[in-house]
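Residues per chain are reported as follows:
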Amino acid sequence: MKETTKVALAGNPNVGKTVIFNELTGSKQHVGNWPGVTVEKKVGNFSHKDEEIEVVDLPGTYSLSPYSIDERIARDYIIEEKPDAVVNIVDASNIERNLYLTLQLLEAGANVVVALNMMDEAQKKGMKIDVKKLSEILKAPVIPMVGIKGEGVKELKNAIYEEVKHRREHRHMSMGYGRELEKGIISLEEEMARCPALKKYRHRWLAIKILEGDAEAIKKVSEAGCDDLIKEAKRLRKQFGRKLDEDMETYFADKRYEFVDDILGVVLIKGKKLWSFSDMLDKVLTHKVFGIPIFLAMMWAAFQFTFSVAVPFMDAIDLFFGWLGDIARVSITNPAIQSLVADGIIGGLGSVLIFLPNIFLLFFVLSLMEDSGYLARAAFVMDKAMYRIGLQGKSFVPMLLGFGCNVPAIMATRTIEDRKERLITILVNPLMSCSARLPVYILFAGAFFIGAEGSVIFSMYLMGILLAVLMALLLRKVFFKGKPSPLIMEMPPYRMPTFKSSAIHMWEKGSMFLKKAGSIIFLGVVIIWFLSTYPGGPGSDIETSYVAAIGRWVQPIFAPLGWDWKAAIALVFGFVAKEIVVGAYGTFYGISDADEGSTSLRSELHGAFTPVSAYAYMAFVLIYVPCLATIGVIKSETGSWKWTLFAVAYMMGLAYLVALVITVVGHLLGFA
Amino acid sequence: MSEKIRLIGIYSAIIGSIYILYGMLEIIAWAAGELRFPLSPSPDIFAGFILVVIGSILLYRVRDLLSMRYEGLSFFFVALILSAIIGIMYLLIMGADLLDATIIGEPWAFDSAAYNLPAIVLFILLLPGWLIIRKREEFGE
Amino acid sequence: MTRLAELKSGKKARIVHMGVKGPAGQRYREMGMICGEKVEIVRVAPLGDPMEIEVKGYNLSLRKEEAELIIVEVMK
Ligand SMILES: Nc1nc2c(ncn2[C@@H]2O[C@H](COP(=O)(O)OP(=O)(O)OP(=O)(O)O)[C@@H](O)[C@H]2O)c(=O)[nH]1
Ligand SMILES: [Mg+2]
């Protein structure tokens, strides 16, 4: 059997890789304007003539020396997996910097097809590019494209087909680094021929990399057991460094850019610099007086939109499941099955789906901000404030996403290059009050703080932010000593977001939540139903259930806070997912369609809490472990059980501490 | 061409002043609790703050526009966009509430406190401004 | 010789020396910040810190802390 033909899409961040990936494969995938949005390897397929081709959408990379996790993923794929062809997407309107990567890809020996995307923007800038000549110089096909309009896709498919079918080996463009250095490179290449383990890599590329002092390349060589090679490279580095009076890295970068200049001198006619619409917007959106107020206004509008517009959809879902439950109760006679279906299964599904409207809308607006280019400005505007707490502007976006759901928020930290900053951002992210916690606040605020619900709920969000700031500072002081890494962020031009791409994004994130919800939350609700119905069976007193037994067992821990066993057990189940807490209360009090607005539930709560213990309870819900899914991503993103357990432990401890402080202070101030 | 810029300046000045006026009134209404003003500005400090921001952006470079300099246009454009974001947001919230009323079968009434009429009206009053954005190439140099 | 961080927005300059070391220095070079390159200060963020510059025809933001290490010569 023949191996599948593999093609990778590579290019700088934000050049339209995902757009072209979608055009090629027809598969739906997120398209964003926030540099580095694609953090996962996305795969699709298309067939052309007699070839079935697998396409991989790689994260954006500025060069083949990996600086962030994203870039490492891309580089490893290109170097180690050696796809049959690499489609290098180049932003034509920004060709000068983009070609730097192209040269590196060619140098690494990849079979490059250049997709010259964003020709429309280049034209708007008045740039003229001689495509034919560029192709001749690079010795690679160059296809002009306008990705968003689907222009050039057919030609690109043809070019990919030609490349994988009739590949001409060794037709690499030659880029010289000067006679002296070339001698060194050749001597290293000869030495390398004696290392069979390195056969996989193009020797010239590897030689240049170890001369550049690329840590990963050096590691590869020493793992192959060719330490002589490293010694030789070190000697050459020293020798040339002295001769050239600058370090090797600088020399190579300068040379490559010199080469880009030479190429562009032949193929590019630059346009006159126009005062673009993007510049006009930036002048105000990052203005020294208006920048921050506008940013706050945007955040406020996004929030209002998410939470107000979702209401009718949530009500509809609520009504629908109420109706479904009634039908089940009428049509099923066996009490055990009736209770399982109506209260367990339908109730469980309802409590999962009720959050979809919020999550959909939240990701819709976030995607609008991302695609328009505003999120990069938000990072620019907020950087100094975040820097103060040992983070950076890019940390702000995951924090913001945290208000929607901590799971994608933690995944979004992959754009942060620095490992320490990334870990801090991940560890404090759960303190951002996600939308799943809101129903708990609404329930308790509605029951105990009538007339001040808004302020009380808002105080929860503020408390979360405040604790996140304190924790970030503390983590910096104790575990991650040092300063944030330097900021190197490209500011993409503003672009009109498209409805289609935001809708795709919304759908992807929504279904991701559904998957998480479908398994964990649903299971959680059904387990609660079971534990609270048995061993007595449906209709029996809840005080005799398993749940009550567990609750009484853990309750002593919470006694100083004034919570009863129901509160304790709801917390235990909230560990699975915060969405369950309200539903659990509904089950405890036998209120079948309980939601945060239920009046009967509220009056039941009055017997169990005082305002002080209710407020402490809300704070505890805010701080202690967000949900199993969040713990799962913390593990997968940090790659360490140590940090995952640390996160769980510190949040539990902090939650207890804060709740205790609230209780004590509340009593001291004379509140009941 | 430059005459048009002066016109935009006058337009900005008028609408910007109304934005600030209503923004202030909303903040005062919020601070004073029960106090209400004609044409129902909602007592909402955040919304009021945003109206003041939009108004200030409109007024900030009016002098440039009046003296027929292009630089001021940036501020006009951003104010347009913000005004649209806020206006459309309230319209959507209104639509959502209407839909909600139909779903749960309750009568719906316009609630001036929730829908921020001034923000919606001002958004509509600024709509002609979008014609200028569409022809922005004219200002391109 | 001036430091990049000292320049006001609208100023144009040519990079004379890149003092940023390590991986970050490498990244700046790959992003086009090399000796002899022309840059223009586009703006400074509202809180006064990161600054945005134009280099190689695109916009890049960096903190003053690094811009302090980049020596430039101001162009007329
Ligand atoms: N004007 C114009 N815009 C384009 C074109 N192709 C893509 N875009 C826009 O460019 C932006 C970035 O596109 P993406 O496909 O997300 O870029 P990417 O390379 O996948 O970005 P990362 O995954 O973040 O590295 C989107 O807003 C697209 O709508 C084009 O040919 N012309
Ligand atoms: Mg992408």
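No experiment lies behind these values; they were computed from the predicted model shown. (Residues numbered from 1 in each chain as written. Chains lettered and ligands numbered in written order. Predicted model: local features only at pLDDT ≥ 70, side-chain atom pairs only at ≥ 80, totals over all residues. Heavy atoms only, no water.)

Chemist: Could you give an account of the overall build of chain A, with specific residues and numbers?
Modeler: In terms of regular secondary structure, chain A is built from 30 helices and nine strands. Overall size of chain A, expressed as C-alpha extent along the three principal axes, is 90 × 55 × 55 Å. Looking at chain A as a whole, 60% of its 672 residues are labelled buried. When contacts within chain A are restricted to residue pairs at least 6 apart in sequence, those whose partners lie at least 24 apart make up 73%. On chain A, roughly 26,800 Å² of surface is accessible, and the fraction owed to carbon and sulfur atoms is 62%. Of the charged side chains in chain A, 73 are positive and 70 negative; the average position of the first set lies 5 Å away from that of the second. (Helix = DSSP H or I, 4+ residues; strand = E, 2+ residues; numbered from the N terminus. Buried < 20%, exposed > 50% of the residue type's maximum accessible area, 1.4 Å probe, protein only. Contact = heavy atoms within 4.5 Å. Areas by Shrake-Rupley, 256 points an atom, 1.4 Å probe, with all protein chains shown as cover. Lys, Arg positive; Asp, Glu negative; His and termini not counted. Charge placed at Lys NZ, Arg CZ, Asp CG, Glu CD.)

Chemist: Help me get a handle on the overall build of chain B, residues and values and all.
Modeler: Within chain B one finds seven helices and zero strands. Order of helices (α) and strands (β) in chain B, N terminus to C terminus: α-α-α-α-α-α-α. Put simply, chain B has 141 residues, and 43% of those count as buried. Sequence-distant contacts, at least 24 apart, represent 72% of the contacts inside chain B between residues at least 6 apart. Carbon and sulfur atoms make up 69% of the accessible area of chain B, which totals about 6,900 Å².

Chemist: Before we move on, could you go through helix H1 (residues 22–30) of chain C and cite the residues and values that matter?
Modeler: All names here are of chain C. Here H1 lies mainly inside the structure; seven of its nine residues are buried. Of the positions making up H1, those classed as buried are Ala24, Gly25, Gln26, Arg27, Tyr28, Arg29 and Glu30. Following H1 by one or two positions, Gly32 has its phi on the positive side, about 100°.

Chemist: Got a sec to walk through the state of the cysteines? Specific residues and values, please.
Modeler: Think of a disulfide as a covalent bridge from one cysteine sulfur atom to another cysteine sulfur atom. Residues and elements named next belong to chain A. Per the counting criterion, the structure on display carries one disulfide over all chains. A disulfide bridge connects Cys195 with Cys226, and the sulfur atoms are separated by 1.8 Å. In this pair, Cys195 sits in the loop between helix H7 (179–192) and helix H8 (203–212) while Cys226 sits in the loop between helix H9 (215–223) and helix H10 (227–244), placing the two residues 31 residues apart along the sequence. Cys195 sits in the buried class, given a relative accessible area of 12%. (Disulfide = S-S within 2.5 Å.)

Chemist: Account for the interface of chain A and chain B, with residues named and values stated.
Modeler: Contact with chain A, which involves 27 residues of that partner, is made by 32 residues of chain B. Taken together, the two surfaces of chain A and chain B that pack against each other cover about 2,700 Å², and 83% of this comes from carbon and sulfur. Of all residues in chain A, A:Phe277, A:Phe290 and A:Trp300 give up the largest surface area on contact with chain B, accounting jointly for 24% of the area buried on that side. The tally of links from chain A across to chain B stands at zero salt bridges. Applying the counting criterion to the chain A and chain B interface returns zero residue pairs in polar contact (both at pLDDT 80 or more). Broken down by secondary-structure element, the contributors of at least two residues to the side of chain A that touches chain B are helix H12 (277–285), helix H13 (291–309) and helix H14 (311–331) of chain A. At 10 residues, the largest contribution of residues to the side of chain A that touches chain B is made by H13(A). For the side of chain A that touches chain B, the residue count by class is 22 nonpolar, three polar and two charged. (Buried area = accessible area lost by both parts, 1.4 Å probe. Salt bridge = Lys/Arg side-chain N within 4 Å of Asp/Glu carboxyl O. Polar contact = N/O pair within 3.5 Å; in protein donor to acceptor, adjacent residues only side chain to side chain. Nonpolar A, V, L, I, M, F, W, Y, C, P; charged D, E, K, R; others polar.)

Chemist: Lay out the interface of chain A and chain C in plain terms, naming residues and giving numbers.
Modeler: The interface of chain A with chain C comprises 42 residues on the first partner and 32 residues on the second. Viewed at the interface, chain C and chain A are joined by five salt bridges. Linking A:Lys483 and C:Glu65 is a salt bridge whose minimum nitrogen-to-oxygen distance equals 2.4 Å. Where chain A touches chain C, the interface holds 16 residue pairs in polar contact (both at pLDDT 80 or more). Taken together, the elements giving at least two residues each to the side of chain A that touches chain C come down to helix H3 (95–107), helix H11 (248–267), H12, H13, helix H17 (374–388) and strand S9 (489–491) of chain A. Of the residues in the side of chain A that touches chain C, the class split is 16 nonpolar, nine polar and 17 charged. Note that S9(A) and strand S5 (residues 58–62) of chain C share three bridges and pair antiparallel. By the bridge assignment, A:Glu490 is partnered in S5(C) with C:Leu60. (Pairing = 2+ DSSP bridges.)

Chemist: Hey, could you go over the confidence of the model for chain A for me, with residue numbers and the actual values?
Modeler: Summary statistics for chain A give a mean pLDDT of 84 and a share of 93% for residues scoring 70 or more. Low pLDDT (under 50) marks residues 31–38 of chain A, which in the prediction has 41 contacts with non-local residues, meaning those over four places away or in another chain. (pLDDT = per-residue confidence, 0-100.)

Chemist: Could you give me a rundown of the domain arrangement of chain A, with the residues and numbers involved?
Modeler: Domain annotation for chain A reports domain 1 (5–166), domain 2 (179–269) and domain 3 (292–479 + 502–668). The C-alpha-based centres of domain 1 of chain A and domain 3 of chain A are spaced at 40 Å. (Domains from an automatic or database assignment.)

Chemist: Explain the arrangement of the chains to me, and be specific about the residues and the numbers.
Modeler: There are two pairs of chains in contact here, and the one with the most contacts is chains A and C. Chain B shows no contact with chain C. Their nearest C-alpha atoms sit 14 Å apart.

Chemist: Give me the lowdown on the sheet that holds strand S4 (residues 85–91) of chain A, citing residues and values where you can.
Modeler: All names here are of chain A. Read from one edge to the other, the open sheet built from six strands follows the order S2-S3-S1-S4-S5-S7, with strand pairing classed as mixed. If you trace the sheet from one side to the other, it starts and ends with strand S2 (42–48) and strand S7 (142–144), each paired once. Strand-to-strand twist of the sheet, defined as the mean angle between neighbouring strand axes without regard to direction, takes the value 25°. Two elements, strand S1 (residues 5–11) and S4, share five bridges in a ladder whose sense is parallel. Of the residues in S4, the one forming a bridge with Ala8 is Val86. Its contacts with the sheet place H3 against S1, S4 and strand S5 (112–117), and it is angled at close to 165° to S4. Lying on the sheet, helix H5 (residues 131–138) is in contact with S5 and S7; it crosses S7 at an angle near 155°. (Axes fitted to C-alpha atoms, helices over the stretch in contact; angles between N-to-C directions.)

Chemist: I'd like a description of the environment of A:Arg422, backed by residues and values.
Modeler: Residue and element names in this part refer to chain A. Inspection of the secondary structure puts Arg422 in helix H20 (residues 419–428). Relative accessible area serves as the criterion here: at 6%, Arg422 is assigned to the buried category. Not counting residues up to four positions away in its chain, the partners in contact with Arg422 are Ile69, Thr413, Arg414, Ile416 and Glu637.

Chemist: Could you give me a rundown of the packing of aromatic side chains, with the residues and numbers involved?
Modeler: The final tally for this structure, using the stated rule, is 41 aromatic pairs over all chains. For the ring pair A:Phe320 and A:Phe321, a centre distance of 5.3 Å and an interplane angle of 85° mean the geometry is edge-to-face. On the basis of relative accessible area, A:Phe320 is assigned to the partly exposed category, the value being 40%. Relative to B:Phe46, the ring of A:Phe458 lies with its centre 6.1 Å away and its plane at 65°, an arrangement referred to as edge-to-face. Of this pair, A:Phe458 sits in helix H22 (residues 453–478) while B:Phe46 sits in helix H2 (residues 45–60), placing the two residues on different chains. Its relative accessible area of 40% is what places B:Phe46 among the partly exposed residues. Members of the aromatic cluster, connected to one another through ring pairs, are A:Phe444, A:Phe448, A:Phe558, A:Trp563, A:Tyr585, A:Phe609, A:Tyr617, A:Phe620, A:Tyr624 and A:Tyr656. Note that A:Arg377 overlies the ring of A:Tyr494, its terminal NZ or CZ placed 4.1 Å from the centroid. A:Arg552 extends its terminal NZ or CZ atom over the ring of A:Trp565, reaching a point 5.2 Å from the ring centre. (Phe/Tyr/Trp six-rings, centres within 6.5 Å; stacked < 30°, edge-to-face > 60°. Lys NZ or Arg CZ within 6 Å of the ring centre and 35° of its normal.)

Chemist: Can you tell me about unusual backbone geometry, naming the residues and giving the values?
Modeler: For the bond from A:Tyr534 to A:Pro535, the omega torsion is 5°, close enough to zero to count as cis. Secondary-structure assignment places A:Pro535 in the loop between helix H23 (499–533) and helix H24 (546–558). Even without being glycine, C:Lys56 reaches a positive phi, approximately 50°. Note on placement: C:Lys56 falls in the loop between strand S4 (51–55) and S5.

Chemist: Go over the nonpolar core with me, naming the residues and quoting the values.
Modeler: For soluble globular proteins, the rule of thumb is that nonpolar side chains tend to be buried together. Counting residues in each nonpolar core, the largest one holds 160 residues, and the members touching the most others are A:Ile294, A:Phe444, A:Trp563, A:Tyr585, A:Phe609 and A:Tyr617. Of the residues forming this core, the biggest block, 14 residues, is contributed by helix H4 (residues 73–104) of chain B. Once residues within four sequence positions are removed from consideration, A:Phe444 is found in contact with A:Phe449, A:Tyr585, A:Leu605, A:Phe609, A:Ala614, A:Tyr617 and A:Met618. (Core = buried A, V, L, I, M, F, W, Y, C linked by side-chain atoms within 4.5 Å.)

Chemist: Summarise the side chain of A:Thr286; cite the residues concerned and give the values.
Modeler: Locating A:Thr286 in the fold gives a position in the loop between H12 and H13. On the basis of relative accessible area, A:Thr286 is assigned to the buried category, the value being 2%. At a separation of 2.6 Å, a polar atom in the side chain of A:Thr286 contacts the main-chain carbonyl oxygen of A:Asp282. Residues in contact with A:Thr286, not counting those within four places in the same chain, are A:Gly291, A:Arg377, A:Phe380, A:Val381, C:Arg43, C:Val44 and C:Pro46.

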